[in-house]
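As a plain string of letters, each chain reads:
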Amino acid sequence: MDLETYLDDVRARQARVRPANTPDRLVLPLGELSIPGHVDHWARERPDQPAIVYEGRTIAYRELADLVARVAGWLAAAGVRAGDRVAVDLPNCPQFTVAMLAVLRLGAVHVPVNPMFQREELVYELADSGATVLVAVDTVLPVVAAALPETRVRQVLVTALGELSAAGGSPVLPDGFAATAWAEAAAHPPAPEHPADLDALAALNYTGGTTGLPKGCQHTQRHMLYTAATAVAATGHTVETGYVPLCYLPVFWIAGEDLGILNPIVLGGTSVLMTRWDAEAALTAIERHGVTSMVGTVENYLELLERPDLAARDLSSLKMPMAVSFVRKLTQDVRAAWREAVGAHSVLCEAAYGMTETHTFDATPYGMAGEDQDLLAEPVFCGVPMPGTDLAVVRFGTLDPLPLGEAGEIVVRSPSVMTGYWNRPDATAAQLTGGWLHTGDNGRLDENGCLHYLGRDKDLIKVKGMSVFPAEVELLLSRHPAVRTAAVVPAEHPESGQVPVAFVSLAPDASVTASDLRTWAKTAMAPYKVPLVEVVGEFPMTATGKIRKTELSGRAQRVADEH
């Protein structure tokens, strides 16, 4: 079957199961308007509507539009022109949103930077992007000062984290460090908006560098607009119903950018920003501001469930809580506990399938949680694609579609797929083929055309020629009542080629042994999937909260050799 015939069949299947209250086509609430243009629109139509709430302070759309224009004026006076790269080295705070929008207002290129970076990491992204201006929080200035001599940055705009909070604040500069204070930029005469070109380069969102040095994914404002419009619509939000996300995902991640900046701006909603996760602050924000949506790790929701005051809190507005299963997995038990504590109106589900290259929101299981069908399906169930996005499962390295149910490489074609990697033509050619992005992810499409994510191809384990997907084994193990977290990695084996090895942490007061868990696994999964098991107290973690599986590989081989 050729690819287009395959897609016709898949789209028809998806149409039959797409939730009734979600659109099957792209609808842009304000049409093809730039992202800063949306802010100006809402400033005229809803001047007093809260745009950002942060640490006791509310910034209405009128004030946000004025700040964006003034900071854009300062950037223009600093020599920033259309196409120039401006790096933004800030944690979650209103200044990040203002800086990003000001850069876009000039037709320049937004380069978000992780404020946890140390010198070498910062040098790499600043030099690779060619950024000439840097917006930074004062706490990172010692690292910035050490990095600048090896970059093209010629001007630094500095702010204090709480400068736009109720508490206020002014930046503190290291001795001898030259920079412009945020207050000066915020008082600058405003700049007119640059004529919007939705297809011009607007952002370089760097990948995490798991397969080498990070690469800058080239995104446009059209990508941003498409992602925001489809993401909010696919999760049941409209301009009329309102959209109030609680965002503590880092907004320098593209997922945080979507949730905490783009989605609310496109709908004229309110972004409730938190610099970091805090359970008490989250509950207060949900109650006080009528939060409708949030994205957090499963651990975040478990922490909320453990609070004795949860039943007394008003979470009636929270219709769309979304989970990310980085470490703990979303299970039926977790969902049931959340439903019992919060109410049937609040259905906890996995967030979405996506990646930096696609602007992160390609498929969602929203509205498909009836009778826990999403959690009982082969993991990880990702649902149907966004309107205008096509998903296919093909033989790796080709565009040859595989029959429904057969595992292969997930490829994506959508209006938000990157235009390429910054200054990486070879990597771009390897990843993009005829408008399709090769994700490097294993997956399947089921009989309804719904996507099931099975893990990165590099994580695939081959046991006597049979494919074992770590994500599946991890989720099956997490169904054992004694298992808190499981991480599965491969080890070499002289007879089977490879063998899965599971590192497992236990729930409090659990007393099962590794041997007990392996015996139980034999009743829960096919024999070739049954892992060797080692019980651990804690896992090596990345700075972004994921298990560092590369550090488990050596231990896995020792477990296999001893076995």
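Scope of this entry: the structure provided in the associated data block.

**Quick look at the overall build of the protein**
- The helix and strand tally for the protein stands at 17 helices and 26 strands.
- Here the protein has a C-alpha radius of gyration of 24 Å; the compact-globule value for 563 residues is 24 Å, and the two agree.
- If you line up the protein on its principal axes, its C-alpha atoms span 70 × 55 × 50 Å.
- Looking at the protein as a whole, 58% of its 563 residues are labelled buried.
- In the protein, of all internal contacts separated by at least 6 residues, the share reaching a separation of at least 24 is 69%.
- Carbon and sulfur atoms make up 51% of the accessible area of the protein, which amounts to about 22,000 Å² in all.

**Here we look at a negative patch on the surface**
- A cluster of like negative charges, contributed by Glu55, Asp278, Glu303 and Glu306, occupies part of the molecular surface.
- Within the secondary structure, Glu303 sits in helix α11 (residues 298-305).

**Let's talk about the side chain of Asp446**
- Looking at the secondary structure, you find Asp446 in the loop between β20 (436-445) and β21 (451-456).
- In this structure, Asp446 is buried with no salt-bridge partner, the nearest side chain bearing the opposite charge being Arg13 at 7.5 Å.
- The contact partners of Asp446, leaving out residues within four places of it in the chain, are Phe381, Leu404 and His452.

**Remarks on the packing of aromatic side chains**
- Under the counting rule described, the total for this entry stands at three aromatic pairs.
- Residues Tyr301 and Trp338 carry aromatic rings whose centres are separated by 5.1 Å and whose planes lie at 85 degrees to one another, so their mutual orientation is edge-to-face. You can see Tyr301 sitting in helix α11 and its partner Trp338 sitting in helix α12 (residues 332-342), a full 37 residues away along the chain.
- Taking relative accessible area as the criterion, Tyr301 reaches 0% and is therefore assigned buried.
- Aromatic pair Tyr353 and Tyr453: ring centres 5.9 Å apart, planes at 40 degrees, arrangement tilted. A residue pair is termed long-range when its members are at least 10 positions apart, and Tyr353 in the loop between β14 (349-350) and β15 (363-364) and Tyr453 in strand β21 qualify at 100 residues.

**Considerations on the pattern of salt bridges**
- Under the definition given, this model contains 27 salt bridges.
- The partner of Asp390 in a salt bridge is Arg413, and the shortest N-O contact between them spans 3.0 Å. A residue pair is termed long-range when its members are at least 10 positions apart, and Asp390 in strand β17 (residues 390-394) and Arg413 in strand β18 (residues 408-413) qualify at 23 residues.
- For Asp390, a relative accessible area of 10% translates into the label buried.
- Residue class for Arg413 comes out partly exposed when judged on its relative accessible area of 23%.
- A network of salt bridges, in which partner residues are shared, links Glu4, Asp8, Arg11, Asp390 and Arg413.

**With respect to unusual backbone geometry**
- Phi at His359 takes a positive value of approximately 70 degrees, unusual for a residue other than glycine.
- Mapped onto the elements of the fold, His359 is located in the loop between β14 and β15.

**A closer look at the side chain of Glu474**
- Within the secondary structure, Glu474 is located in helix α15 (residues 470-478).
- Judged by its relative accessible area of 5%, Glu474 falls in the buried class.
- For Glu474, the side chain forms a polar contact with the side chain of Lys549, separated by 2.6 Å.
- Apart from the residues lying within four places of it in its own chain, the contact partners of Glu474 are Lys329, Ala486, Ala487, Val488 and Lys549.

Cut-offs applied
- Residues numbered from 1 in each chain as written.
- Predicted model: local features only at pLDDT ≥ 70, side-chain atom pairs only at ≥ 80, totals over all residues.
- Heavy atoms only, no water.
- Helix = DSSP H or I, 4+ residues; strand = E, 2+ residues; numbered from the N terminus.
- Rg over C-alpha atoms; globule rule 2.2 N^0.38 Å.
- Buried < 20%, exposed > 50% of the residue type's maximum accessible area, 1.4 Å probe, protein only.
- Contact = heavy atoms within 4.5 Å.
- Areas by Shrake-Rupley, 256 points an atom, 1.4 Å probe, with all protein chains shown as cover.
- Patch = residues over 30% accessible without salt bridge, like charges linked within 9 Å, V, L, I, M, F, W, Y side chains within 5 Å.
- Salt bridge = Lys/Arg side-chain N within 4 Å of Asp/Glu carboxyl O.
- Lys, Arg positive; Asp, Glu negative; His and termini not counted.
- Charge placed at Lys NZ, Arg CZ, Asp CG, Glu CD.
- Phe/Tyr/Trp six-rings, centres within 6.5 Å; stacked < 30°, edge-to-face > 60°.
- Polar contact = N/O pair within 3.5 Å; in protein donor to acceptor, adjacent residues only side chain to side chain.

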